[in-house]
Amino acid sequence: MLGKRKRVVLTIKDKLDIIKKLEEGISFKKLSVVYGIGESTVRDIKKNKERIINYANSSDPTSGVSKRKSMKSSTYEELDRVMIEWFNQQKTDGIPVSGTICAKQAKFFFDALGMEGDFNASSGWLTRFKQRHGIPKAAGKGTKLKGDETAASEFCGNFQEFIERENLQPEQIYGADQTGLFWKCLPPRTLVLETEQSTSGYRSSRERIIIMCCANATGLHKLNLCVVGKAKKPRAFKGADLSNLPVTYFSQKSAWIEHSVFRQWFEKYFVPQVQKHLKSKGLLEKAVLLLDFPPAYPNEESLSSDDGRIIVKYLPPNVTSLIQPMSQGILAMVKRYYRAGLLQKYMDEGIDPKMFWKNLTVLDAIYEVSRAWNMVKSSTITKAWKKLFPGNEENSGMNIDEGAILAANLATVLQNTEDCEHVDIENIDQWFDSQSNNSSCQVLTDSEGAEDQSKPAEQRPANKTRKTEVNPEKHISHKSALEWTENLLDYLEQQDDMLLSDKLVLRRLRTIIRRKQKIQNNKNN
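Residues numbered from 1 in each chain as written. Predicted model: local features only at pLDDT ≥ 70, side-chain atom pairs only at ≥ 80, totals over all residues. Heavy atoms only, no water.

What to know about the sheet that holds strand 5 (residues 248-251)
Strand pairing in a sheet relies on backbone hydrogen bonds, with the paired strands running either antiparallel or parallel.
Here comes step 1: Spatially, 6 strands are ordered 5-4-3-1-6-7 in an open sheet, and the strand pairing comes out mixed. The sheet is open, and its two borders are formed by strand 5 and strand 7 (310-314), each paired with just one other strand. For this sheet, the mean angle separating the axes of adjacent strands, direction not counted, is 25 degrees.
Here comes step 2: When strand 1 (residues 173-182) meets strand 6 (residues 287-291), the two strands line up parallel, connected through 3 bridges. (Pairing = 2+ DSSP bridges. Helix = DSSP H or I, 4+ residues; strand = E, 2+ residues; numbered from the N terminus. Axes fitted to C-alpha atoms, helices over the stretch in contact; angles between N-to-C directions.)

Focus: the nonpolar core
Here comes step 1: Ile173, Ile323 and Trp373 are the most contacted members of the largest nonpolar core, which totals 58 residues.
Here comes step 2: Those residues in contact with tryptophan 373, other than ones at most four positions away along the chain, are Cys213, Cys214, Ala215, Lys222, Leu223, Leu225, Ile330, Val334 and Ile381.
Here comes step 3: Listed in part, the 25 residues of the second largest apolar core include Ile210, Phe250, Ile257 and Val271. (Core = buried A, V, L, I, M, F, W, Y, C linked by side-chain atoms within 4.5 Å. Buried < 20%, exposed > 50% of the residue type's maximum accessible area, 1.4 Å probe, protein only. Contact = heavy atoms within 4.5 Å.)

Side note on the packing of aromatic side chains
Here comes step 1: A full pass over the atoms with the stated rule returns 11 aromatic pairs.
Here comes step 2: Look at phenylalanine 237 and tyrosine 249: their rings are 5.2 Å apart centre to centre, the planes differ by 70 degrees, and that puts the pair in the edge-to-face class. Taken together, the residues phenylalanine 237 in the loop between strand 4 (226-229) and strand 5 and tyrosine 249 in strand 5 connect sequence positions 12 residues apart. The same class applies to phenylalanine 237 as to tyrosine 249, namely buried.
Here comes step 3: The interplanar angle of 45 degrees and the centroid separation of 5.5 Å between the aromatic rings of phenylalanine 262 and tryptophan 265 together place this pair among those described as tilted. Of the two residues, phenylalanine 262 and tryptophan 265 are both situated in helix 10 (residues 259-280); the distance of 3 residues between them amounts to about one turn of the helix.
Here comes step 4: Feature note: the residues Tyr174, Phe262, Trp265, Phe266 and Phe270 constitute an aromatic cluster, connected by ring pairs. (Phe/Tyr/Trp six-rings, centres within 6.5 Å; stacked < 30°, edge-to-face > 60°.)

Re the pairing of strand 4
Here comes step 1: In strand 4, alternate side chains face the same way, and those of Cys226 and Val228 on one face and Val227 and Gly229 on the other are all buried.
Here comes step 2: Two strands pair when backbone bridges link them, and strand 4 and strand 5 are joined in this way by 4 bridges, in the parallel orientation. In the sheet register, glycine 229 faces strand 5, and the bridge partner there is serine 251.

Notes on the packing of helix 1 (residues 12-23) against helix 2 (residues 28-35)
Axes are the key here: two packed helices are described by the angle between their axes and the distance separating the axes.
Here comes step 1: Running from amino to carboxyl end, helix 1 crosses helix 2 at an angle of 150 degrees, the nearest separation of the two axes being 11 Å. With respect to helix 2, the axis of helix 1 lies roughly antiparallel. Judged by the twist between their axes, the crossing of helix 1 over helix 2 is right-handed. Residue-level contacts link Asp14, Asp17, Ile18, Lys21 and Leu22 of helix 1 to Phe28, Leu31 and Tyr35 of helix 2.
Here comes step 2: Residues that form the contact of helix 1 with helix 2 fall into these classes: 5 nonpolar, no polar and 3 charged. (Parallel < 35°, antiparallel > 145°, perpendicular 65-115°, else oblique. Left-handed = near helix turned anticlockwise from the far one by under 90°. Nonpolar A, V, L, I, M, F, W, Y, C, P; charged D, E, K, R; others polar.)

This is the structure in structure tokens:
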């Protein structure tokens, strides 16, 4: 008699391999022998093919699918998504993360997300969290999280051989990566708004969008930012035509860009824009896009232009912090420019800080982050490719720290601003590099909005959309001018032939009018 077959538990990767081999025509019987499982198990895998593939595609880039054996999700899925993004950011930045820190951060996010239930960030939860995402035990002991240097070195060599073999120029080599942006992150108490932030009207920010930056190795072709929010059409967009935004906007509920969204971006935006750019340069319409390790993105073989000349290549696991170009300071630089722009906008308007942050919408954030991406210098992008493309940075100019210059300039401006004389570069750097996990990232609580709604109708701000009659014999008030400007901005957003520069000019005028209105209100008081 044959002995009892040893029980085999397949990993998700094993199941994906079996699905692929079934599609290649390999029989159930042969696969059952190879993997040491029963034929019925192979048939079950085929039956659940769609579920397995969808699970793999919806997992985070570093979720350790090659080791996971179960598709069981977390009880608190949204918390799990935010936590793994936070953990990956710490890993990218080389910041030590202990089990205690991880548990405290989970409790913080649970409260910040307003979740219901009896959540306990216990050692059991931490163990399950690490198992779900393939996090090694050493990663939770407070040691610095390092990438796989051996894998990174091997990939660099192979990538350089690929470039030579395909005869690709830096102009034809692209990189893309995504990050979360807490777009209502206020300065820390040591910077500005010290007295205001000490009130109960502020809490940690949880208003977040995903941004994906994409550019070639010369830094001369930067595609419009890809921005992903939860709302299909946020209220702030009003009647705006999405095609007129300075970014490519998508909506989804997940914490990372989903399979379907990325494919749509690749086919409808990336490929056509790259083809157009290369044609304008007189180059062959042939290119490669470098991405983080899947399965957050579609399979490498399934992503290419119709003619097969524009393809993707994936980095191996755990090398993002070492050689992913966008993670070599580019994404961080975009966030720095964004936050600097917000602070400059606040100082220009000169209005009450509570009113400023309450008026700030996701549409404002989209324009500001688009401006921030445009501000990143081509030399900064070129230098980020030096590990993958040695010699390419020789033409990038002087080795200047763009972020340090930005911090120094902003500190100088603040030191010449009333009530901000104590600010220094260290304060600026602290805010630039802050995550939405402490007191340096705050926004107004919902109670502020409710407080405004509780006022009698005659005390509430006038409806921005109401029509204001023009009387040429009367002086036009700042309030009326602001209403007309808001309406004109809404109009421009609905037009498909308006230039971004025109919209930015009008937004600048709106800022000036708001400042004038503030000055007048102060005089009247």
